[in-house]
Amino acid sequence: MLVLRARFGQAGRIDKSDLPDDPIEAVGAWFGAAAAAGATLPEAMAVATVDPEGRPAVRMVLLRGLDGRGLVFYSDRESDKGRQLAGRPYAALLLHWQVPEHRQVRVSGPVELVSDEESDAYWASRPLGSRRSAGASRQSQPIGSRDELEAR
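The paragraphs below set out a description of the structure included in this document. Being a predicted model, the structure only gives us computed values, none of them experimental.

Details of the overall build of the chain
Helix and strand counts for the chain stand at five helices and seven strands. Reading the helices (α) and strands (β) of the chain from amino to carboxyl end gives β-α-β-β-β-β-α-β-β-α-α-α. Residues counted as buried form 26% of the 152 residues belonging to the chain. Across the chain, the fraction of contacts at a sequence separation of at least 24, relative to all contacts at a separation of at least 6, is 50%.

Structure, rendered in structure tokens:
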């Protein structure tokens, strides 16, 4: 389910007739407008999952794609998030921008893995330092010290 929300100050309220019929197209337009207006990290979004006991967990990820399949983000499959999504393949997402207008997009529904080829292509596109950092950090696991992380 994709829910579009917008609040406008003195300009008035959003009119649904102004939105494209395709909600993904609307998200893309709002994302583009936020990026063009100088939003800090317009691709940042909160992702909520649930653990095996049904307790919610939320964290920030980066929107890395937007197409007919939906919104795409990448995560280590062995992280808490990856294991939670494997066990219960549903999530809720929230994108939020302050500029050019105060807007938020809420998404909830089933989650599916991208292909190994798409995942590998994304990994290869990341800067070498980012790949090293991701490989050393062991997502969701405590780090004993900065020295330990640097040694990895």
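The rest of the description comes next.
Some points on the pattern of salt bridges
With the rule as written, the count across this model stands at five salt bridges. Of the charged contacts, one joins Glu-118 and Arg-69 as a salt bridge, the two residues approaching to 2.8 Å between their closest N and O atoms. On the criterion of sequence distance, the pair formed by Glu-118 in helix H3 (residues 116–125) and Arg-69 in the loop between strand E4 (65–67) and strand E5 (70–72) is long-range, its members being 49 residues apart. The class for Glu-118 is partly exposed, based on a relative accessible area of 24%. In this structure, a network of salt bridges that share partners links the residues Asp-51, Glu-53 and Arg-55.

Side note on the pairing of strand E3 (residues 56–62)
Taken together, the seven bridges between strand E2 (residues 44–50) and E3 define a ladder with antiparallel strand orientation. Paired with Val-50 across the two strands is Pro-56, which belongs to E3. Hairpin connection, E2 to E3: the antiparallel pair is bridged by five residues, and Gly-54 has positive phi, about 85°.

Regarding helix H2 (residues 80–87)
Among all positions in H2, only Lys-81, Gly-82, Gln-84 and Leu-85 are buried. Take H2 and look down its axis: the buried residues cluster within an arc of 165°, on one side only. Projecting away from the buried face of H2 at angles above 90 degrees are the exposed residues Ala-86 and Gly-87. Structurally, H2 contributes buried residues whose contacts are with E2, E3 and strand E6 (90–97).

What about the nonpolar core?
The biggest cluster of nonpolar side chains holds 20 residues, and the ones touching the most others in it are Met-45, Leu-71, Phe-73, Leu-93, Leu-95 and Val-105. Those elements giving two or more residues to this core turn out to be helix H1 (23–36), E2, E6 and strand E7 (102–110). Here this core gets five residues from one element, more than from any other, and that element is H1. Other than its neighbours up to four places away in sequence, Leu-93 contacts Met-45, Ala-46, Val-47, Leu-71, Phe-73, Val-105, Arg-106 and Val-107.

Topic: unusual backbone geometry
Of note, the amide linkage connecting Val-99 to Pro-100 takes the cis form, showing an omega dihedral of -5°. Note on placement: Pro-100 falls in the loop between E6 and E7. Residue Leu-41 is not a glycine yet carries a positive backbone phi of 45°. Mapped onto the secondary structure, Leu-41 falls in the loop between H1 and E2.

Considerations on H1
The end-to-end C-alpha distance of H1, which contains 14 residues, comes to 20 Å, matching closely the 20 Å that a straight helix rising 1.5 Å per residue would cover. If you check which residues of H1 are buried, you get Ile-24, Ala-26, Val-27, Trp-30 and Ala-34. Axial view of H1: buried residues confined to an arc of 155°, hence all on one face. Here H1 starts with a cap whose side-chain oxygen sits 3.0 Å from the backbone nitrogen of Ile-24, and that cap is Asp-22. Remark: Gly-38 follows H1 within two positions and exhibits a positive phi of approximately 90°.

Definitions and limits used
- Residues numbered from 1 in each chain as written.
- Predicted model: local features only at pLDDT ≥ 70, side-chain atom pairs only at ≥ 80, totals over all residues.
- Heavy atoms only, no water.
- Helix = DSSP H or I, 4+ residues; strand = E, 2+ residues; numbered from the N terminus.
- Buried < 20%, exposed > 50% of the residue type's maximum accessible area, 1.4 Å probe, protein only.
- Contact = heavy atoms within 4.5 Å.
- Salt bridge = Lys/Arg side-chain N within 4 Å of Asp/Glu carboxyl O.
- Pairing = 2+ DSSP bridges.
- Arc of directions from axis to C-beta.
- Core = buried A, V, L, I, M, F, W, Y, C linked by side-chain atoms within 4.5 Å.
- Expected span 1.5 Å × (residues − 1).
- Polar contact = N/O pair within 3.5 Å; in protein donor to acceptor, adjacent residues only side chain to side chain.

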